[in-house]
Amino acid sequence: MRIGVMILPAIGWREAQQCWRLVDELGFAHAWTYDHIAWRDLIGRPWYAAVPTLAAAAQCTRRIQLGTLVASPNFRHPVPFAKEALTLSEISGGRFVLGLGAGGSGVDAEVLGSPPWSPAERRERFVEFVEVVDQLLREPCTTYAGRFYSAHQAWIDPDGGARARMPVMIAGSGPTGMRLAARHGDGWVTHGVAAQRGRVAPEATPETVCRQLDAVARICAEEGRDPATLRKLVLNVNRTHSPLASVGAFTETVERYARIGVTDLIVPFPRSEAPYQGDVRVLEQIAADVLPALTED
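These numbers were taken from a predicted model, which means no experiment stands behind them. (Residues numbered from 1 in each chain as written. Predicted model: local features only at pLDDT ≥ 70, side-chain atom pairs only at ≥ 80, totals over all residues. Heavy atoms only, no water.)

## Topic: the side chain of Thr61
Put simply, the test is: Here a strand is any run of E in DSSP of at least two residues, a helix any run of H or I of at least four, and the numbering for each starts at the N terminus. Throughout this description, a polar contact denotes any pair of N or O atoms lying within 3.5 Å of each other; where both atoms belong to protein, one of them has to be capable of donating a hydrogen while the other can accept it, and for residues adjacent in sequence the pair is counted only when both atoms sit in side chains. Contacts between residues were defined by any pair of non-hydrogen atoms, one from each residue, lying within 4.5 Å.
As for its position among the elements, Thr61 is in the loop between α2 (50-60) and β3 (65-68). Only 2.8 Å separates the side chain of Thr61 from the backbone oxygen of Ala57, close enough to count as a polar contact. A distance of 2.9 Å separates polar atoms of two side chains, one belonging to Thr61 and the other to Arg95. Sequence-distant contacts of Thr61, that is, excluding residues within four places in its chain, are made with Trp20, Arg21, Asp24, Leu66 and Arg95.

Below, the structure is given as structure tokens:
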């Protein structure tokens, strides 16, 4: 299993730089940041943009993959965002991973001043957003006319086809996200809780993920995709039963998710305050005592 770390863009760059360098040096497989204008607990407090944060992270790291977990149509248009993703891939030496999701209600959904989308429109926009981003990243020049998004002679990658497309991870705990992952993704991402309209359950559980994995496998079969070719990523940011409470808690979490077929586990970087308050020494001990065995597997 590959282990990643989520680093919130909620601190100044000098301190953030230390976090990105540390996870790179400790041997984690990938590191991520949220892509929001503002976020839940930290609304009204410092919060920085994902794209320049990742561009800077690419310059202070050597080997670790870097990505958005996740970017959404809430305030993104696929044409300029695909261009930014391509640039991040170039800056990072091919280490950028593009994570996409439908987004939710709240600040990001309202910040541009448009009326809130219905759940049906959010799903439909997500489908179109992923389809056009995928096309933009595969072809040298794209023209696309959709219901929500359009592109006219968009020269995103003049070398399209000459280089491998960056990995794309599609998030979704429901059938829409799962089907998009099967059709367009290199991986599928879940936060490990059941889809619930209007709120998110507080705890990720392997039992819920196991049911979701069964659904992913069924949808892959319907789409003619071998589910073994799809990475399965779990973002576990449990607050009351944190996987970073101790090395033992982390090891148990890894074992439970590995047994059901999860390929990648992502945990939050320990912060000095909530949310995700924790001890960075536990992360360092995990890197020393647990990561080597996972790498051997």
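## Side note on the packing of helix α3 (residues 78-91) against helix α5 (residues 119-138)
Helices that pack against each other are described as a pair by the angle of their axes relative to one another and the distance between those axes. Applicable threshold: Comment: axis = line fitted to C-alpha atoms, over the contacting stretch for helices; angle = value between 0 and 180 degrees taken between N-to-C directions. When describing relative orientation, an angle under 35 degrees is termed roughly parallel and one over 145 degrees roughly antiparallel, while 65 to 115 degrees is termed roughly perpendicular and anything else oblique. Note: crossing handedness is left-handed where the near helix turns anticlockwise from the far helix by less than a right angle, and right-handed where it turns clockwise.
One way to put it is that α3 packs onto α5 with a least axis distance of 10 Å and a crossing angle of 45°. Taken together, the axes of α3 and α5 lie oblique to each other. Between α3 and α5 the crossing geometry is right-handed. Contact with α3, carried on its side by Pro78, Val79, Phe81 and Ala82, involves Phe129, Val132, Val133, Leu136 and Leu137 of α5 and no other residues of that element.

## Section: the pairing of strand β6 (residues 150-154)
Heads up, the condition is: Paired strands are those between which DSSP finds at least two bridges.
In the sheet, strand β5 (residues 142-145) pairs with β6 via three bridges, with the strands oriented antiparallel. Bridging across to β6, Ala145 finds its partner in Ser150. Between β5 and β6, which pair antiparallel one after the other, the connecting turn spans four residues.

## Comments concerning the packing of aromatic side chains
Each aromatic ring pair is specified by the distance between its two centres and by the angle formed by the two planes. This is how the line gets drawn: Pairing of aromatic side chains requires ring centres within 6.5 Å, counting the rings of Phe and Tyr and the six-membered ring of Trp. Pairs whose planes differ by under 30 degrees are stacked, by over 60 edge-to-face, and all others tilted. Here the term buried applies to any residue with accessible area under 20% of the maximum for its type, exposed to any over 50%, and partly exposed to those in between, with areas from a 1.4 Å probe on protein chains only.
For the structure shown, the criterion picks out four aromatic pairs. Both rings, one in Tyr34 and one in Trp39, keep their centres 5.3 Å apart while their planes meet at 35°; by these two values the pair is tilted. Judged by relative accessible area, Tyr34 falls into the buried class, the value being 7%. Assessed through its relative accessible area of 5%, Trp39 is described here as buried. On the basis of an interplanar angle of 70° and a centroid distance of 5.9 Å, the ring pair of Phe129 and Tyr149 is categorised as edge-to-face. Residue Phe129 is located in helix α5, and its partner Tyr149 is located in the loop between β5 and β6; the two are separated by 20 residues in the primary sequence. Since its relative accessible area comes to 0%, Phe129 is described here as buried.

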